[in-house]
Amino acid sequence: MAAPAANMTINADRLWDSLMEMAKIGPGVAGGNNRQTLTDADGEGRALFQRWCEEAGCTMGLDTMGNMFARREGTDPDALPVYVGSHLDTQPTGGKYDGVLGVLGGLELIRTLNDLDIKTKHPIVVTNWTNEEGTRFAPAMLSSGVFAGVHEQDWAYAREDAEGKSFGDELVRIGWKGDEEVGARKMHAFFELHIEQGPILEAEGVDVGVVTHGQGLSWTQVTVTGKDAHTGSTPMPMRKNAGLAMARILEKVEEIALSHAPHAVGAAGHIDVYPNSRNVIPGKAVFTVDFRSPELAVIRDMEARLKAAAEEICTHMGLEVDFEKVGGFDPVDFDEGCVAAIRNAAERLGYSHRNIISGAGHDACWINRVAPTAMVMCPCVDGLSHNEAEEISKDWAKAGADVLFHAVVETAEIVE
Ligand SMILES: [Zn+2]
């Protein structure tokens, strides 16, 4: 028997208690968390995770990007490990489950294997990827990206936060820079459990989402330059209003995304107008357009149409416009075998499930480039995430973690 029996499940109370314990570190102001990457709170959360892993009999590895790898040995010394995990860092006003559920769900499956005295052929490694959120140091999924060869490590070290502190210095400062070469590890497979961060599973009353694809993402920073001028004394025809041009461009963003419904989305979540004064016509507007789709051709089309529309609007208004691609990744097709392992696990355990596309970026999207990868999602209340009010139920956490447990352990092959 390579897979766990259908009656083998994780301990939901223990998983929940660990989630609540971790949430005490870096508390937010409204019941959630502010445990941003490479802060003292991040260091504290890491230390707690390491202690729990060691108490569960694992040995901890640490690479030069601060990625943590808690290993439970397998019976075959030549077998590549099955990896499982997500991230412990949060948004500044983040929730208790985004990322954390995937890491502690991995720990819970190790604890369950210990309880049941189950051995696996392949080792199992629980991972905490550094700086998934990308709020303090852009971009998101920075360290899984370096691991997968998407970014250079030196470039990652040079990323700076709003205070001008670098990622590399802060990693050393909190004491979590390891010696192990990043990306040197080879994986048999990688699995990530994550909350949906969208409303579909809850609305449909489905226990788990089997993630087949990850949406691609494109961030274009647009800078519109006009002329600062007095809002009272400048005649309307003589204005070079960058704020107005931005508003017109944002209408186009909506139109372009809607033209590729239902899977494509677009918005500008970051907007700055200058000088941002009540009685000054904005002479400059800087904003970032976020387009996403599971199809690369659609993303390329949306980028091209944004540029054409913005140029037309700005030329017509006598303004200048510049574009800078500040982030992005291509759509992801997860590994069919790993996806099947997730789906089979849900079937075996009797959980309702449906295929789903991940609308957010995840570490699994980068790791998919270097290892067979899949994700399982559980619902979250009102689809709310990146918000302190983010909430899930213990039953939802259990369903997701049970499916993770079965998929990982089946892939790691139970030894009789
Ligand atoms: Zn996350």
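No experiment lies behind these values; they were computed from the predicted model shown.

### Digging into the coordination of the zinc ion
With distances of 1.9 to 2.2 Å, the protein atoms coordinating the zinc ion are His87 (NE2), Asp98 (OD) and His194 (NE2). Its relative accessible area of 3% is what places Asp98 among the buried residues.

### Focus on the sheet that holds strand β12 (residues 284-293)
Spatially, β10-β12-β8-β13 is the arrangement adopted by the four strands of the open sheet, whose pairing is antiparallel. The two strands at the open ends of the sheet, each matched to only one other strand, are β10 (265-274) and β13 (320-329). Strand after strand, the sheet turns through a mean of 15° between neighbouring axes, direction not considered. Relative to β12, helix α8 (residues 242-258) is tilted by about 5°, and along the sheet it contacts β8 (216-225), β10 and β12.

### Topic: helix α2 (residues 40-55)
In this model, α2 (16 residues) spans 23 Å end to end at C-alpha, consistent with the 22 Å of a helix rising 1.5 Å per residue. Of the positions making up α2, those classed as buried are Ala41, Asp42, Gly43, Gly45, Arg46, Leu48, Phe49, Trp52 and Cys53. Tucked inside the fold, the buried residues of α2 contact α1 (12-23), β1 (59-62), β2 (68-72), α3 (100-116) and β5 (124-128). Two residues or fewer after α2 comes Gly57, characterised by a positive phi angle close to 90°.

### Observations regarding the UniProt feature "binding site: Zn(2+) 1" (unreviewed entry) in the protein chain
With numbering aligned to this structure, UniProt lists the feature "binding site: Zn(2+) 1" (unreviewed entry) at His87, Asp98 and His194. Their sequence span is 108 residues, while the largest C-alpha to C-alpha distance among them is just 9.6 Å; these annotated residues converge on one region. The annotated residues contributing to the lining of the largest cavity are Asp98. Within the fold, Asp98 resides in the loop between β3 (82-86) and α3. A distance of 3.1 Å separates the side chain of Asp98 from the side chain of His87, its partner in a polar contact. Relative to the helices and strands, His194 is located in strand β6 (residues 189-195). According to the relative accessible area criterion, His194 is buried, its value standing at 1%. The residues touching His194, leaving out its near neighbours within four places in the chain, are Ser86, His87, Asp98, Gly99, His362, Met375, Val376, Met377 and Cys378. Reaching out from His194, the side chain makes a polar contact with the backbone nitrogen of Gly99 at a distance of 3.4 Å.

### Section: helix α12 (residues 394-412)
Taking 1.5 Å per residue, 19 residues should reach 27 Å; α12 reaches 26 Å between its end C-alpha atoms and fits that length. Among the 19 residues that make up α12, 14 are buried, leaving the element largely enclosed by the rest of the structure.

### Details of the pairing of β5
Most of β5 is tucked away: five of the five residues are buried. Note: β2 against β5, five bridges, orientation antiparallel. Bridging from a neighbouring strand, Arg72 pairs with Ile124 of β5. As paired elements, β3 and β5 share five bridges and run parallel to each other. Its bridge partner being in β5, Gly85 is matched across the sheet by Thr127.

The rules behind the values
- Residues numbered from 1 in each chain as written.
- Predicted model: local features only at pLDDT ≥ 70, side-chain atom pairs only at ≥ 80, totals over all residues.
- Heavy atoms only, no water.
- Donors = N, O, S within 2.8 Å, 3.2 Å for Na, K, Ca; no water.
- Buried < 20%, exposed > 50% of the residue type's maximum accessible area, 1.4 Å probe, protein only.
- Pairing = 2+ DSSP bridges.
- Helix = DSSP H or I, 4+ residues; strand = E, 2+ residues; numbered from the N terminus.
- Axes fitted to C-alpha atoms, helices over the stretch in contact; angles between N-to-C directions.
- Contact = heavy atoms within 4.5 Å.
- Expected span 1.5 Å × (residues − 1).
- UniProt positions renumbered as here; feature names shortened; annotations may be inferred.
- 1 Å grid on protein atoms, 1.4 Å probe; cavity = no way out; pocket = protein on both sides within 12 Å on 5 of 7 lines; lining within 4 Å.
- Polar contact = N/O pair within 3.5 Å; in protein donor to acceptor, adjacent residues only side chain to side chain.

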